[in-house]
Amino acid sequence: LLGNRMPSTIITPGTAKAASRHFKSSTTRREVLSLYREILRTCRAFHWCDEKGIPWNKRLKDEARKEFETAREERDPLIIARMLVVGRDCVTQIQQKFNAADQAAWERIRRDSFPRS
């Protein structure tokens, strides 16, 4: 049934030690850096300021840095994997919502620029 494919690995709390071999530190580090860079790229889109006059992109970058620094000492591979999945999901959702709002704004601009007779 599976052919040449390996079955997916299911990691349970009792197999955390075995899971640590599955999540090699270099792979995890690469995934974490990839997520962090994606967050920084996404932050660039938020160019307006908050009520205090601080640009949102700066606030979001600072908050991301703080979150990553807090999680830096985590060694449990299951928790690290969960943080990566949740972080990637959050970034994807923010990007989708931002893109939808951006498209809606451009549609309003097009609609208002060319009034119908």
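Located above this text is the structure these notes cover.
Residues numbered from 1 in each chain as written. Predicted model: local features only at pLDDT ≥ 70, side-chain atom pairs only at ≥ 80, totals over all residues. Heavy atoms only, no water.

This part takes up the overall build of the protein. Within the protein, the regular secondary structure consists of four helices and zero strands. Ordered by position from the N terminus, the helices and strands of the protein form the series α-α-α-α. Per-residue burial for the protein yields a buried fraction of 15% across its 117 residues. Nonlocal contacts in the protein, meaning residues at least 24 apart in sequence, comprise 60% of its contacts between residues at least 6 apart. Of the roughly 9,800 Å² that the protein leaves accessible, carbon and sulfur atoms contribute 56%. (Helix = DSSP H or I, 4+ residues; strand = E, 2+ residues; numbered from the N terminus. Buried < 20%, exposed > 50% of the residue type's maximum accessible area, 1.4 Å probe, protein only. Contact = heavy atoms within 4.5 Å. Areas by Shrake-Rupley, 256 points an atom, 1.4 Å probe, with all protein chains shown as cover.)

Another point: the pattern of salt bridges. The full count for this structure, using the stated rule, is six salt bridges. Between D50 and R59 there is a salt bridge, with its nearest N and O atoms 2.6 Å apart. Judged by its relative accessible area of 8%, D50 is buried. With a closest N to O distance of 3.4 Å, E69 and R65 form a salt bridge. (Salt bridge = Lys/Arg side-chain N within 4 Å of Asp/Glu carboxyl O.)

Moving on, we come to the packing of aromatic side chains. What the rule picks out here adds up to four aromatic pairs. Ring geometry for W48 and F98: centres 6.2 Å apart, planes at 5°, overall stacked. In this pair, W48 sits in the loop between helix 2 (25–43) and helix 3 (56–71) while F98 sits in helix 4 (residues 77–113), placing the two residues 50 residues apart along the sequence. W48 gets classed as partly exposed once you look at its relative accessible area, which sits at 38%. (Phe/Tyr/Trp six-rings, centres within 6.5 Å; stacked < 30°, edge-to-face > 60°.)

Estimates place the volume of the largest pocket at around 1,200 Å³. Considering the residues around the largest pocket, the lining is formed by 35 residues, among which V32, E67, F68, A71 and L84 are closest to the centre. Every element with two or more residues in the lining of the largest pocket is listed here: helix 2, helix 3 and helix 4. Tallied by class, residues from the lining of the largest pocket come to 20 nonpolar, six polar and nine charged. (1 Å grid on protein atoms, 1.4 Å probe; cavity = no way out; pocket = protein on both sides within 12 Å on 5 of 7 lines; lining within 4 Å. Points joined across faces, edges and corners; volume = space filled by probe spheres on them. Nonpolar A, V, L, I, M, F, W, Y, C, P; charged D, E, K, R; others polar.)

On to the nonpolar core, then. Core analysis: the biggest nonpolar cluster contains eight residues, these being L35, Y36, I39, C43, A64, I80, L84 and V91. Elements that contribute at least two residues to this core include exactly helix 2 and helix 4. It is helix 2 that contributes the most residues to this core, four residues altogether. (Core = buried A, V, L, I, M, F, W, Y, C linked by side-chain atoms within 4.5 Å.)

Helix 3 packs onto helix 2 with a crossing angle of 165° between their chain directions and a minimal axis gap of 9 Å. As far as their axial angle goes, helix 3 and helix 2 are roughly antiparallel. Our pair here, helix 2 against helix 3, has a crossing hand that is right-handed. Residues V32, L35, Y36, I39, L40 and C43 of helix 2 touch helix 3, and the partners they reach there are N57, L60, K61, A64, R65 and F68. Considering only residue class, the contact of helix 2 with helix 3 consists of nine nonpolar, one polar and two charged. (Axes fitted to C-alpha atoms, helices over the stretch in contact; angles between N-to-C directions. Parallel < 35°, antiparallel > 145°, perpendicular 65-115°, else oblique. Left-handed = near helix turned anticlockwise from the far one by under 90°.)

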